[in-house]
Amino acid sequence: MSLADEDLRVQAQALRDGTASSEELVREHLARIERHAGLGSFVHVDADGALAAARAADAARAAGSRAPLLGLPLAHKDVFVTRDMPTTAGSRMLAGYRSPFDATVVARLREAGAVCLGKTNMDEFAMGSANENSAHGAVRNPWDPRAVPGGSSGGSAAAVAARLVPAATGTDTGGSIRQPAAMCGITGIKPTYGVCSRYGMIAYASSLDQAGAMARSAWDCAMLLGAMAGFDERDSTSVRHAVPDYTAALDAPREGADAARPLAGLRIGLPREWFAQGLADEVEQAVREALAQLRGLGAQLVDIGLPRSELSVAAYYILAPAEASSNLSRFDGVRYGHRAEHYADLAEMYANSRAEGFGAEVKRRILIGTYVLSHGYYDAYYLQAQKIRRLIAQDFLRAFESCDLIAGPVAPTVAWDLGEKADPLANYLADVHTLPASLAGLPAMSVPAGFGRGEHARRPVGLQLVAPHFGEARLLHAAYQLQRATDWHRRAPAL
Ligand code: GLN
């Protein structure tokens with residue numbers, strides 16, 4: 001087994017021990033990225049920049065630097081702006097765009113020593129659940145090339161699953177970290193809204209957008225998140241909340257627990273609405289087996305209700321497009337990226353640039369969003385959706401009175417076939433399990449929990465864990481303890 005097959009934690013140890021250099025590690029990953037270019041997971045690779053950064057990391061280590069991610073390779077979702085590389089957000093609209101500055105998350109990971117190998121594919125402006133809405137083309141699921149990788153962070157998920165990088169950034173507005181992580185059999189965490197800076201993250205729905213970590217294990221996610229999180233004065237919704245030592249929390253003993261039952265005393269709520277109609281048997285079975293494991297580790301499973309969960313699809317698909325229609329008005333052919341070649345006057349320049357630059361799904365959302373915000377419909381749709389959002393958040397608050405974490409499926413099915421869900425509504429409905437935590441701004445994770453059955457035997461299933469606000473350490477602790485007892489997160493696709 002080569003070091004590139006190992007997870008971030010093992011790679012970090014090898015660099016610390018001096019058994020490998022960052023340059024060797026980065027070279028090995030670059031070769032894999034090239035070999036598996038057919039997956040479509042990367043939209044830009046910066047081999048020269050990465051090798052230079054790796055050599056600088058090796059030199060820094062020799063000079064005594066102990067930066068937490070020093071010399072470790074990673075990739076960024078192409079929604080984060082980067083000074084040294086183009087940023088497209090999966091859109092033709094941003095073809096050729098180069099940001100004059102780095103996103104805060106990008107800058108912080110660099111300061112922590114990480115070496116960025118390139119940018120990963122995504123649904124255009126993060127709108128989608130299968131990565132089929134990218135101007136760069138679809139991404140294949142490394143487990144099964146006929147399957148989608150999930151979306152919108154499908155490139156990051158596929159790249160980590162295929163061992164092209166040990167870790168990657170993602171963003172989650174309504175499930176875009178958790179759902180592709182589940183479908184590619186990796187671990188992903190979306191922190192509490194406000195924990196990671198949105199500065200330099202191309203906006204989709206600003207009240208929901210949150211950056212997070214995608215990697216092989218809870219441990220690796222903890223390492224990454226520790227470097228990404230923290231207050232940023234450049235983001236007005238960034239929260240002044242001290243960043244705990246997430247890796248130290250992974251194995252911190254709970255009161256009343258012991259080595260055999262590390263989760264003793266932890267109450268895990270199972271929302272009955274999440275195990276209802278529409279959940280595929282093969283997903284339910286894998287999730288229930290993971291829950292049995294958690295119980296074996298000492299957790300207590302309790303029945304809870306999140307009665308307004310079902311309304312999350314309707315509410316989200318009004319609120320997110322509303323915010324998107326406003327955010328995307330800045331792409332007008334004047335300020336960034338694509339400008340139409342032919343136009344008679346200014347109005348036509350705007351219209352032609354936007355008609356040519358945006359893909360079909362983005363246009364659909366701009367239309368829906370503009371509609372629900374327009375005079376006469378604002379009260380009927382947008383305001384109602386805001387009220388439902390509040391009720392969904394209240395459901396969680398009430399549920400957390402009787403449990404410490406909430407668990408359930410990430411998605412109702414395993415990954416579907418490329419091209420299978422042509423109907424936009426079918427994609428929207430598949431978000432039903434991830435949207436509630438997004439609307440409530442809660443931290444949530446996806447943890448590998450097995451595979452489907454029969455012809456889906458190579459399609460991973462994810463277990464979702466949700467914590468109260470700022471409960472990232474509690475989430476990561478439970479996920480890490482589960483991963484100590486199981487090996488789903490260690491499985492690798494045969495490529
Ligand atoms: N699938 C959802 C959407 O299309 C969520 C996407 C996301 O989290 N960025 O909006």
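Everything numeric in this text was worked out from a predicted model, so none of it was measured.

Q: Mind showing me how you'd approach the overall build of the protein here?
A: Within the protein, the secondary structure is distributed over 16 helices and 11 strands. Taking 2.2 N^0.38 as the reference for a compact globule, 495 residues should give roughly 23 Å; the C-alpha atoms of the protein span a radius of gyration of 21 Å, in line with that estimate. Each principal axis of the C-alpha atoms in the protein carries an extent, and together these give about 70 × 55 × 45 Å. Taken over 495 residues, the protein has a buried fraction of 60%. For the protein, long-range pairs separated by at least 24 residues make up 76% of all intrachain contacts whose partners lie at least 6 apart in sequence. A total of about 18600 Å² of accessible surface is found on the protein, and carbon and sulfur atoms cover 51% of it. Treating the 50 positive side-chain charges of the protein as one cloud and the 54 negative ones as another, the clouds have centres 2 Å apart.

Q: I tried to follow a nonpolar patch on the surface on my own but got confused; where do I start?
A: Together, Val334, Leu346 and Tyr350 give the surface a local cluster of nonpolar side chains, amounting to about 260 Å² of exposed area. We classify Tyr350 as partly exposed; its relative accessible area is 33%.

Q: Got a minute to help me understand the nonpolar core in this structure?
A: As a rule of thumb, soluble globular proteins bury nonpolar side chains together. Phe125, Phe396, Ile406 and Leu463 are the most contacted members of the largest nonpolar core, which totals 121 residues. In this view, Phe125 contacts Ala89, Ser91, Met93, Leu94, Ile202, Tyr204, Leu328, Phe331, Phe358 and Val362; residues no more than four positions away in its chain are not counted. Within the second largest apolar cluster, 26 residues are counted, among which are Ala161, Ile177, Ala181 and Cys184.

Q: How do you make sense of the environment of Leu391 when you look at a structure like this?
A: Among the secondary structure elements, Leu391 is positioned in helix H13 (residues 378-399). Of the residues examined, Leu391 reaches a relative accessible area of 30% and is grouped as partly exposed. Counting along the chain gives 210 residues from Leu391 to Ala181, while the straight-line C-alpha distance between them is 28 Å.

Q: What is the right way to read the site of the ligand from this model?
A: Near the ligand you find 15 residues, and of these Thr173, Gly174, Ser176, Tyr204 and Tyr316 are the closest. Contacts to the ligand include Ser129, whose side-chain N or O atom sits 2.9 Å from a nitrogen atom. Within the contact set of the ligand, a nitrogen atom lies 3.5 Å away from a side-chain nitrogen or oxygen of Ser152. Classifying every residue of the shell around the ligand gives 5 nonpolar, 7 polar and 3 charged.

Q: Looking at this model, I keep getting lost on the pairing of strand E8 (residues 300-304). Mind explaining?
A: The two faces of a sheet get side chains in turn, since along a regular strand they alternate between them. Inspection of the sheet shows strand E7 (residues 267-271) paired to E8 by 5 bridges, in the parallel sense. Residue Leu270 lies in a different strand from E8, and its bridge partner there is Asp303. In this region the chain leaves E7, passes through helix H9 (residues 281-296) and returns to the parallel neighbour E8; the handedness of that crossover is right-handed.

Q: Would you take a moment to explain the pairing of strand E11 (residues 460-466) for this structure?
A: With respect to burial, E11 is a largely interior element, 7 of its 7 residues being buried. Of the two faces of E11, the one carrying Pro460, Gly462, Gln464 and Val466 and the one carrying Val461, Leu463 and Leu465 are both buried. The pairing of strand E9 (residues 405-409) with E11 spans 4 bridges and is classified as antiparallel. Opposite Pro409, over in E11, you have Leu463 as the bridge partner. Relative to E11, strand E10 (residues 444-451) is paired through 6 bridges, and the arrangement is antiparallel. Looking at E11, one finds that Val447 is bridged to Leu463.

Q: Mind showing me how you'd approach the environment of Asp48 here?
A: In this structure, Asp48 sits in helix H3 (residues 47-62). The class for Asp48 is exposed, based on a relative accessible area of 64%. C-alpha separation for the pair Asp48 and Met349, spaced 301 residues apart in sequence, amounts to 37 Å.

Q: I would appreciate a short explanation of the side chain of Asn427 in the present structure.
A: Structurally, the position occupied by Asn427 is in helix H14 (residues 424-429). With relative accessibility at 12%, the residue Asn427 sits in the buried group. Among the polar contacts made by the side chain of Asn427, one reaches the main-chain carbonyl oxygen of Lys421 at a distance of 3.1 Å. Within the structure, Asn427 has its side chain in polar contact with the backbone oxygen of Asp423 (distance 3.4 Å). Discounting chain neighbours no more than four positions away, the residues touching Asn427 are Ser129, Ala130, Trp416 and Lys421.

Q: Before we go on, may I ask you to explain the packing of helix H4 (residues 104-111) against helix H7 (residues 218-228) in this structure?
A: In a pair of packed helices, the angle between the axes and the distance between the axes together describe the arrangement. Closest axis-to-axis distance for the H4/H7 pair is 8 Å, and the angle between their directions is 115°. One element, H4, and the other, H7, form an angle in the roughly perpendicular class. In this structure, the crossing between H4 and H7 has a hand that is right-handed. Facing Val105, Arg108 and Leu109 of H4, the residues of H7 in contact are Leu224, Ala227 and Met228. Counted by class, the contact of H4 with H7 contains 5 nonpolar, no polar and 1 charged residues.

Q: Help me understand the state of the cysteines, please; the structure alone is not making it clear to me.
A: A covalent bond between the sulfur atoms of two cysteines is referred to as a disulfide. For the structure on display, the rule yields 0 disulfides. Cys116 takes part in no disulfide bond, and the closest cysteine sulfur to it belongs to Cys196, at a distance of 16 Å.

Q: I tried to follow the packing of helix H10 (residues 312-327) against helix H12 (residues 360-373) on my own but got confused; where do I start?
A: Relative orientation of the contacting elements H10 and H12 amounts to 100°, with a least axis distance of 7 Å. Looking at the two axes, H10 sits roughly perpendicular to H12. Contact residues: H10 offers Tyr317, Ile318, Pro321, Ala322 and Ser325, while H12 offers Arg365, Ile366, Ile368, Gly369, Thr370, Val372 and Leu373. A per-class count over the contact of H10 with H12 returns 8 nonpolar, 3 polar and 1 charged.

Q: What exactly am I supposed to notice about unusual backbone geometry here?
A: Of all residues except glycine, most have a negative phi; of all peptide bonds, most are trans. Here Gly151 and Ser152 are connected by a cis peptide whose omega angle stands at 10°. Structurally, the position occupied by Ser152 is in the loop between strand E3 (115-120) and helix H5 (154-161). In this structure, Asn131 takes a positive phi of about 60° despite not being glycine. Along the chain, Asn131 turns up in the loop between E3 and H5. In this structure Asn131 comes out as buried when scored by relative accessible area, which is 0%. Backbone geometry places Phe470, a non-glycine residue, at a positive phi of 65°. Relative to the elements of secondary structure, Phe470 occurs in the loop between E11 and helix H16 (472-485).

Criteria and cut-off values
Residues numbered from 1 in each chain as written. Predicted model: local features only at pLDDT ≥ 70, side-chain atom pairs only at ≥ 80, totals over all residues. Heavy atoms only, no water. Helix = DSSP H or I, 4+ residues; strand = E, 2+ residues; numbered from the N terminus. Rg over C-alpha atoms; globule rule 2.2 N^0.38 Å. Buried < 20%, exposed > 50% of the residue type's maximum accessible area, 1.4 Å probe, protein only. Contact = heavy atoms within 4.5 Å. Areas by Shrake-Rupley, 256 points an atom, 1.4 Å probe, with all protein chains shown as cover. Lys, Arg positive; Asp, Glu negative; His and termini not counted. Charge placed at Lys NZ, Arg CZ, Asp CG, Glu CD. Patch = residues over 30% accessible without salt bridge, like charges linked within 9 Å, V, L, I, M, F, W, Y side chains within 5 Å. Salt bridge = Lys/Arg side-chain N within 4 Å of Asp/Glu carboxyl O. Core = buried A, V, L, I, M, F, W, Y, C linked by side-chain atoms within 4.5 Å. Near = heavy atom within 4 Å. Polar contact = N/O pair within 3.5 Å; in protein donor to acceptor, adjacent residues only side chain to side chain. Nonpolar A, V, L, I, M, F, W, Y, C, P; charged D, E, K, R; others polar. Pairing = 2+ DSSP bridges. Right-handed = clockwise from strand over helix to strand, strands pointing away. Axes fitted to C-alpha atoms, helices over the stretch in contact; angles between N-to-C directions. Parallel < 35°, antiparallel > 145°, perpendicular 65-115°, else oblique. Left-handed = near helix turned anticlockwise from the far one by under 90°. Disulfide = S-S within 2.5 Å.

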